[in-house]
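Listed below are the residues making up each chain.
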Amino acid sequence: PIIKPIIEQNGMMIASLGNISAVVGAAKSKKTFLCTALVGGLLAENGDFGIEPRLTKVLWVDTEQSREHIQKILFRINLMGCMPIDMDHVKILTQTLREESPEKRLSLLNYAIDYHRPKLVVVDRVSDLLTNSNNLEESEHLISHLLTLSSLYSCHIMCVLHTNPNSDKARGHLGSTLMRKAETVIFVHRVGEASLVEPQYCRNMPFERFAFSINEEGIPELC
């Protein structure tokens, strides 16, 4: 079977259909900003952030932020795509799950993927789909379920997760399982005012590490 990329940067594949990936980093390392940049570059008419443009359907799932903060994420994606910030992007669907229980969050995610059939799903953050991310059985079951969804619907599921304190390892049994099963593990850490992005584990040829910062408009841009 041919591997079908969904996110490529400068000709190097970051994510492909039928797989899952992990974006890991300490709190405030700008993991969500990175995902915003990847989606914004994907949907921009001429590409941005070194991302090969693909006008494809994206489902953005958030489990912890307020609707106002999620709106800011959508504003940033629109700005990267040279669209008015007050216009709903026809290719972006959002799902806000902060008020739901972990079990209900996963059920709603299943429904959204089945109904909308997106090609890219961003789950920020995946640990909130579990009651206990340190439970081995629960963690294995969730990752297995996400792998099944990615295969069944031929989509890519990008999972955002914190690292353990003072470590580059994703947090808990969930993180360990995700790092073993993911096609790509992307590590984000702060270096002064910038964020450094490195390919920690890749099944494909690793992309080159890069850094980005946030400009005055609140938009990620390559350093």
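Below or above, wherever it landed, is the structure these notes cover.

Rules behind the numbers
- Residues numbered from 1 in each chain as written.
- Predicted model: local features only at pLDDT ≥ 70, side-chain atom pairs only at ≥ 80, totals over all residues.
- Heavy atoms only, no water.
- Helix = DSSP H or I, 4+ residues; strand = E, 2+ residues; numbered from the N terminus.
- Rg over C-alpha atoms; globule rule 2.2 N^0.38 Å.
- Buried < 20%, exposed > 50% of the residue type's maximum accessible area, 1.4 Å probe, protein only.
- Contact = heavy atoms within 4.5 Å.
- Lys, Arg positive; Asp, Glu negative; His and termini not counted.
- Charge placed at Lys NZ, Arg CZ, Asp CG, Glu CD.
- Pairing = 2+ DSSP bridges.
- Axes fitted to C-alpha atoms, helices over the stretch in contact; angles between N-to-C directions.
- Expected span 1.5 Å × (residues − 1).
- Polar contact = N/O pair within 3.5 Å; in protein donor to acceptor, adjacent residues only side chain to side chain.

1. Quick look at the overall build of the protein
- Of the regular secondary structure elements, the protein holds 5 helices and 11 strands.
- Taken over C-alpha atoms, the radius of gyration comes to 16 Å for the protein, in line with the 17 Å a tight globule of 223 residues would show.
- Along the longest, intermediate and shortest principal axes, the C-alpha atoms of the protein span 45 × 40 × 35 Å.
- Looking at the protein residue by residue over its 223 residues, the buried ones come to 52%.
- The contacts of the protein with a sequence gap of at least 6 include a subset with a gap of at least 24, amounting to 63%.
- Each charge sign in the protein was given a centre, from 23 positive and 26 negative side chains, and these centres are 4 Å apart.

2. Some details on the sheet that holds strand β11 (residues 220-222)
- One open sheet holds the 9 strands; their spatial order is β5-β4-β6-β7-β3-β8-β9-β10-β11, and the pairing between them is mixed. Each edge of the open sheet is held by one strand with a lone partner, namely β5 (92-96) and β11. Along the sheet, successive strands turn relative to each other by an average axial angle of 25 degrees, direction set aside.
- Here 5 bridges tie strand β4 (residues 58-62) to strand β6 (residues 120-124), and the two strands are oriented parallel to one another. When the bridges of β6 are listed, L59 appears paired with V121.
- Packed onto the sheet, helix α2 (residues 67-80) meets β4, β5 and β11 and runs at close to 165 degrees relative to β5.

3. Some details on the environment of S150
- Summarising the element assignment, S150 is placed in helix α4 (residues 136-152).
- Between the alpha carbons of S150 and E138 there is a distance of 19 Å; along the sequence they are 12 residues apart.
- Not counting the four nearest positions on each side in its chain, S150 is found in contact with G18, N19, I20, C155 and I157.

4. With respect to α4
- A rise of 1.5 Å per residue sets the reference length of α4, with its 17 residues, at 24 Å; its end C-alpha atoms lie 24 Å apart and thus fit the reference within 8%.
- Its buried side turned inward, α4 meets β3 (19-25), α3 (102-116), β7 (156-162) and α5 (172-181).
- You can read the cap of α4 off the contacts: a side-chain oxygen lies 3.1 Å from the backbone nitrogen of E137, and it is on N135.
- Positioned one or two residues after α4, S154 has a phi angle of 45 degrees, which is positive.

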